[in-house]
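# What the coordinates show
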Amino acid sequence: MIELSNTTAQTVQPGQALTFDAVVLRSGCAEAHRTNSGIVTLRADCAIYEVHFAANVSGTAAGTVQLSVALDGEPLAETTVISTVGTAGDLNNVATATLVRTGCGCCGRVTVVNSGTEPVVVGAGPALFVKRVA
């Protein structure tokens, strides 16, 4: 299992992935991450992983912002979190979780992407937790 975070706030443009610069906790080798990357590589084939994401988010202007967990670059609709920002800079907490499966003979890549149309400001200290469960 691996838990990642980021020590500073970042603005994520539409279609881009959130990056992580800190490994909070790690055990085993079923997941891999390169510092300052947004990708967690799921290294076990024919496996099921539990994925959790939580963060404080805002927008660069008032409006609606959204993030989604993506598997192999495709946002998973069931993980989309939407936040309505009243004033730019006001933070709201969002969280989502899901299970994903890797293909047999292959691995997978998990990211957190801006699946909306407006930039998302992600406050310092987001958490991405990925654990192989089967």
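So, here is what we can say about the structure in this document. (Residues numbered from 1 in each chain as written. Predicted model: local features only at pLDDT ≥ 70, side-chain atom pairs only at ≥ 80, totals over all residues. Heavy atoms only, no water.)

## Some thoughts on the overall build of the protein chain
A tally of regular secondary structure across the protein chain gives 0 helices and 13 strands. A compact globule built from 134 residues would reach a C-alpha radius of gyration of about 14 Å, and the protein chain, at 14 Å, matches this within 12%. Along the three orthogonal principal directions, the C-alpha set of the protein chain runs to about 45 × 25 × 20 Å. Every one of the 134 residues in the protein chain was classed for burial, and the buried ones make up 41%. Considering only intrachain contacts with a sequence separation of at least 6, the fraction spanning at least 24 residues in the protein chain is 70%. Of the roughly 6300 Å² that the protein chain leaves accessible, carbon and sulfur atoms contribute 52%. For the protein chain, the distance from the average site of its 7 positive side-chain charges to the average site of its 10 negative ones is 12 Å. (Helix = DSSP H or I, 4+ residues; strand = E, 2+ residues; numbered from the N terminus. Rg over C-alpha atoms; globule rule 2.2 N^0.38 Å. Buried < 20%, exposed > 50% of the residue type's maximum accessible area, 1.4 Å probe, protein only. Contact = heavy atoms within 4.5 Å. Areas by Shrake-Rupley, 256 points an atom, 1.4 Å probe, with all protein chains shown as cover. Lys, Arg positive; Asp, Glu negative; His and termini not counted. Charge placed at Lys NZ, Arg CZ, Asp CG, Glu CD.)

## A look at the state of the cysteines
A disulfide bridge is the covalent bond that connects two cysteines by way of their sulfur atoms. The tally for this structure, following the rule as stated, stands at 1 disulfide. Free cysteine C29: the closest other cysteine sulfur is in C107, separated by 13 Å. Owing to a relative accessible area of 36%, C107 belongs among the partly exposed residues under this scheme. (Disulfide = S-S within 2.5 Å.)

## So, the environment of C46
Tracing the sequence through the fold places C46 in the loop between β5 (40-42) and β6 (48-59). On a C-alpha basis, the gap between C46 and G103 in space is 5.2 Å, while along the polypeptide they are 57 residues apart. Leave out the neighbours within four places in its chain, and C46 touches T102, G103, C104 and G105.

## Quick word on unusual backbone geometry
Located in the positive-phi region is C46, a residue other than glycine, with phi close to 55°. Although it is not a glycine, D72 sits at a positive phi angle of roughly 55°. Positionally, D72 belongs in the loop between β7 (63-71) and β8 (74-75). Residue D72 is classed as partly exposed on the basis of its relative accessible area, which comes to 47%.

## Examining the environment of K131
When you line up the elements, K131 lands in strand β13 (residues 127-132). Overall, K131 belongs to the partly exposed group, its relative accessible area being 37%. Each C-alpha atom of the pair K131 and S27 lies 9.4 Å from the other, and the pair is 104 residues apart in sequence. Residue contacts for K131: discarding those within four places in its chain leaves M1, E31, I48, Y49 and E50.

## Considering the side chain of T79
Of note, T79 is situated in the loop between β8 and β9 (81-85). A residue is classified by how much of its surface remains accessible, and T79, at 1% relative accessible area, is buried. A distance of 2.7 Å separates a polar atom in the side chain of T79 from the backbone oxygen of L76. Apart from residues no more than four positions distant in its own chain, T79 is found in contact with L67, S68, V69, T96 and T98. (Polar contact = N/O pair within 3.5 Å; in protein donor to acceptor, adjacent residues only side chain to side chain.)

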